[in-house]
Every structure is written in C-alpha cells, then in structure tokens.
Amino acid sequence: MPPAGAAKAHRTVSRVTTILELAAAHRSGVRLAELAAALDAPRSSVHGLVKGLVVTGYLREEGGAYRIGPAINSLLAAAPPTVAEAARPAMERLHRQFDETVMLATLVGDSVVYTDAIESTEPIRYSAPLRTRRPLHPTSSGKCILAFGTERFREGYLAGHLSDPDQREQIRRQLEEVAEAGVAINRGETLPDRSGVGAPIFEKGKVAAAIAVAGPSSRLADKITEIAEATKAAAHEVSEHLAGRV
C-alpha cells in the first residue's frame, strides 16, 4: 500500500487535466466524442466538464471542436521561467557531440513527459514522443526522478506500480546505484533495440527535470560511458545555471 498521506488520484481532476492535455495535443481541436472515448466516460459528464472549461477560458469551441483557450496563456505568462531555457544550449551541445536524440524530461503526476527534444539526423534514430506520459521506470530520465526524489514519493510509486516485493527491492537497489553514480542508464529495458542515458537537473535543491540521450542500442553500446559522462556534465551545468552560479 502507498504510504499514509500519499497523494491519491481524483477522478474529476484527472478528467479535467486529460481533457486539457488532449486539446493541447490536437492543434485542430478535439471533439466531445473523442474526449468521451479517451476518458471512457459518459458524454453528458464530459460535456459538463468541457463547458465549464470553456466558460472559464481554458478551452475554446470552434465548429464543435475544442482547443486550448486564452486562460492557459495567462497562466503560462505568470509562471516563473522553466528549466527549458537553461537546458536548451546544453541539449544542443550534446546533440552536436553525439548526433543522437536529446530530450528534456519532467515529472507529471507519476509519469515522465518529454517537453523538448532534438532528434538525431541519422536515418535510424529514436523519435521522442513529446507531451506524452511515460512510466518513470525503466526510462533513464524516470530513474533519475525516482532516485533523486523524496523517499516518500519513491516508495509510493513502487508500491502503486509493482506488486512483487522482490521486484521492488531490486529496483530500490538499482535506484541507489543511480543516486551514487549521478546518472541512469537504460540498456534495452524499455525497448530491446534502444538504449538511453539520463542525468538529473536540480532547482532549489530538488530534482526538477532530467536530460536524456537515446538511440539504437547497437550505436550507443560502445560509447555509452562517454555519453553518460557528457550527459551528467550537461545536467550539472544546467543546475548551476538555475542556481545562478554560472
């Protein structure tokens, strides 16, 4: 069971955030029937939520399709700068050095989401799925967030996603190694032909994001240590920049 006091999912909140994410992902807008199907919820219930979001300006309706509304822009304008601006130059250098796909990952709920990516120019490459929720484990960036996050969050995630206590203990040991090394490696754990390296970015003493480099396992195998060191250095540089030390 998750630790006492751990955050729990709220159905209405989950539905509202999913509606907003789907609207953001479809530039031409998303229709009520599509939303109801994605949420596996009655159209009448989804219609009420959608209309409420339209009234408050978080969605706008055009020809029966719903898009992100102006209220979202107001929120973004008021928000402090994200790590994206600080991370982009480091990502570009990693891309130039290795010509593999470089991503910026952040924690969303109990998932990891790639918010920015620079793809490899190689014909065979890893294509990062932006703005899509992915599991924290075994992705390299997710391992970083788990390893450097709070024990309460880590234990809650493991308890909520893994029923086998032996498997939980195995992953705990793996995350301890990540914390000690300062970098996480995924050798074909998500997909057998893909490997990745991730390193944590810190802001105000907490893990805020991760930089990850991914590509075909056959191409990364011989240089995985070099990529790991470079990714760790890049993430450290971004953390220092966010702290105002560079």
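The coordinates are above.
Criteria and cut-off values
Residues numbered from 1 in each chain as written. Predicted model: local features only at pLDDT ≥ 70, side-chain atom pairs only at ≥ 80, totals over all residues. Heavy atoms only, no water. Salt bridge = Lys/Arg side-chain N within 4 Å of Asp/Glu carboxyl O. Helix = DSSP H or I, 4+ residues; strand = E, 2+ residues; numbered from the N terminus. Buried < 20%, exposed > 50% of the residue type's maximum accessible area, 1.4 Å probe, protein only. Pairing = 2+ DSSP bridges.

Caption draft 1: Spatial organisation of the pattern of salt bridges. With the rule as written, the count across this model stands at 14 salt bridges. Two residues, E237 and R93, come together in a salt bridge whose shortest N-O distance is 2.2 Å. With E237 in helix 10 (residues 224–242) and R93 in helix 5 (residues 84–98), the pair connects residues that are 144 residues apart, well separated along the chain. Relative accessible area serves as the criterion here: at 38%, E237 is assigned to the partly exposed category. Looking at R93, the relative accessible area reads 34%, which means it is partly exposed. Between E100 and K223 there is a salt bridge, with its nearest N and O atoms 3.7 Å apart.

Caption draft 2: Highlighting the pairing of strand 8 (residues 194–203). With eight of ten residues buried, strand 8 lies mostly within the body of the structure. Where strand 7 (residues 184–187) and strand 8 come together, four bridges link them in antiparallel fashion. The residue of strand 8 that forms the bridge with A184 is G198. Linking strand 7 back to strand 8 in an antiparallel pair, the connection comprises six residues, with G188 at a positive phi of about 70°. The pairing of strand 8 with strand 9 (residues 206–216) spans ten bridges and is classified as antiparallel. The residue of strand 9 that forms the bridge with F202 is V207.

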